[in-house]
Amino acid sequence: MENKVLAVVEGREITEQDLHLLMQGLGQRAMQFSSEEGRKQLINELVTQELFLVDSKDKNYEADKEYQDELKKVTENFTKQYAIAKLLKAATVEEDEAVKFYDEHKSMYKVNETVRASHILVDSEEKAKAVMGEIEGGKSFEEAAQEHSSCPSSAKGGDLGSFDQGKMVPEFEEAVFSMNIDEVRGPVQTQFGYHIIKVTDKKPAGEKTYDEVKEQIKGQLVAMKQNKLYLEESERLRSEYKVEIK
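Residues numbered from 1 in each chain as written. Predicted model: local features only at pLDDT ≥ 70, side-chain atom pairs only at ≥ 80, totals over all residues. Heavy atoms only, no water.

Participant: I would appreciate a short explanation of a nonpolar patch on the surface in the present structure.
Facilitator: A cluster of nonpolar side chains, contributed by Tyr 61, Tyr 67 and Leu 71, occupies part of the molecular surface with about 260 Å² of accessible area. Take Tyr 61: it is sitting in the loop between α2 (36-58) and α3 (65-88). Note on Tyr 61: relative accessible area 37%, which makes it partly exposed. (Patch = residues over 30% accessible without salt bridge, like charges linked within 9 Å, V, L, I, M, F, W, Y side chains within 5 Å. Areas by Shrake-Rupley, 256 points an atom, 1.4 Å probe, with all protein chains shown as cover. Salt bridge = Lys/Arg side-chain N within 4 Å of Asp/Glu carboxyl O. Helix = DSSP H or I, 4+ residues; strand = E, 2+ residues; numbered from the N terminus. Buried < 20%, exposed > 50% of the residue type's maximum accessible area, 1.4 Å probe, protein only.)

Participant: Even after reading the chapter, I still don't get the packing of aromatic side chains, so can you show me in this structure?
Facilitator: In this description, an aromatic ring pair is defined by two values, namely the gap between the centres and the angle between the planes. Taken as a whole and assessed by the stated rule, the structure comprises 5 aromatic pairs. An angle of 25° between the planes, with centres 6.3 Å apart, marks the rings of Phe 78 and Tyr 82 as stacked. Of this pair, Phe 78 and Tyr 82 both sit in helix α3, separated by 4 residues, roughly a single helical turn. Exposure remark for Phe 78: the relative accessible area of 57% places this residue in the exposed category. (Phe/Tyr/Trp six-rings, centres within 6.5 Å; stacked < 30°, edge-to-face > 60°.)

Participant: Would you explain the packing of α3 against helix α8 (residues 210-240) in this entry?
Facilitator: Helices that pack against each other are described as a pair by the angle of their axes relative to one another and the distance between those axes. Interhelical geometry of α3 versus α8 gives an angle of 125° and a closest axis separation of 9 Å. Between α3 and α8, the interaxial angle falls into the category oblique. Once α3 is placed against α8, the crossing between them reads as right-handed. Contact residues: α3 offers Ile 84, Leu 87 and Leu 88, while α8 offers Gln 226, Leu 229, Tyr 230 and Glu 233. For the contact of α3 with α8, a count of residues per class yields 5 nonpolar, 1 polar and 1 charged. (Axes fitted to C-alpha atoms, helices over the stretch in contact; angles between N-to-C directions. Parallel < 35°, antiparallel > 145°, perpendicular 65-115°, else oblique. Left-handed = near helix turned anticlockwise from the far one by under 90°. Contact = heavy atoms within 4.5 Å. Nonpolar A, V, L, I, M, F, W, Y, C, P; charged D, E, K, R; others polar.)

Participant: Looking at this structure, how should I read the side chain of Asp 159?
Facilitator: Mapped onto the elements of the fold, Asp 159 is located in strand β5 (residues 159-164). Judged by its relative accessible area of 16%, Asp 159 is buried. Polar side-chain contacts of Asp 159 include one of 2.5 Å to the side chain of Arg 116. A polar contact of 3.0 Å, which involves the side chain of Asp 159, links it to the backbone nitrogen of Gly 161. Among all residues touching Asp 159, those that are not within four sequence positions of it are Arg 116, Ala 117, Ser 118 and Ser 153. (Polar contact = N/O pair within 3.5 Å; in protein donor to acceptor, adjacent residues only side chain to side chain.)

Encoded structure:
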């Protein structure tokens, strides 16, 4: 990102990077300032903050005892966090460590059988049979869903996405997990009404591959090592320096 100068206050430059950091600090609220007008508001805010800084230096606030006391607290807190971060940087994980962990804990990465299905939901068996007849007569499942289904999924051609067992009502699951890809079945009655179901994809139960979970594993191992480093260093420091807990 080009660090373009956006404003200058008493010779001090306000840059694109300063604006970017301010927006990062706003989190989700940053969306409110995504327009050109919003951008101008944030630049003006940075200018205002810079003016306070310049003015505080002119008034020599840094010489105030209250300022010095607050600065000491901020400096000490920053030093603590810096020391901890410096310690934790030593926690690294090699590829072979991650592979070994995966091989020894494969049961953690099991996945259930999943199905992707679409459905058309209507309020009577007669209506379901009539819609099924339209599909058998050549109408696409998606078109029939948009036209007849009372489920909000109708806007997506009836697509319910992927799910494993335990996510749907029993009658629906019993049907869908026994079907083949591209098979259409119905009507299936549940507490919600009558369904016509189409299975669009199936994935068997198995284990996630190492490549699928390696970043997760590395993050987990790093966290474990960091925790160990922190506890060990804490014990070392307690033995080296005088501590009184009252």
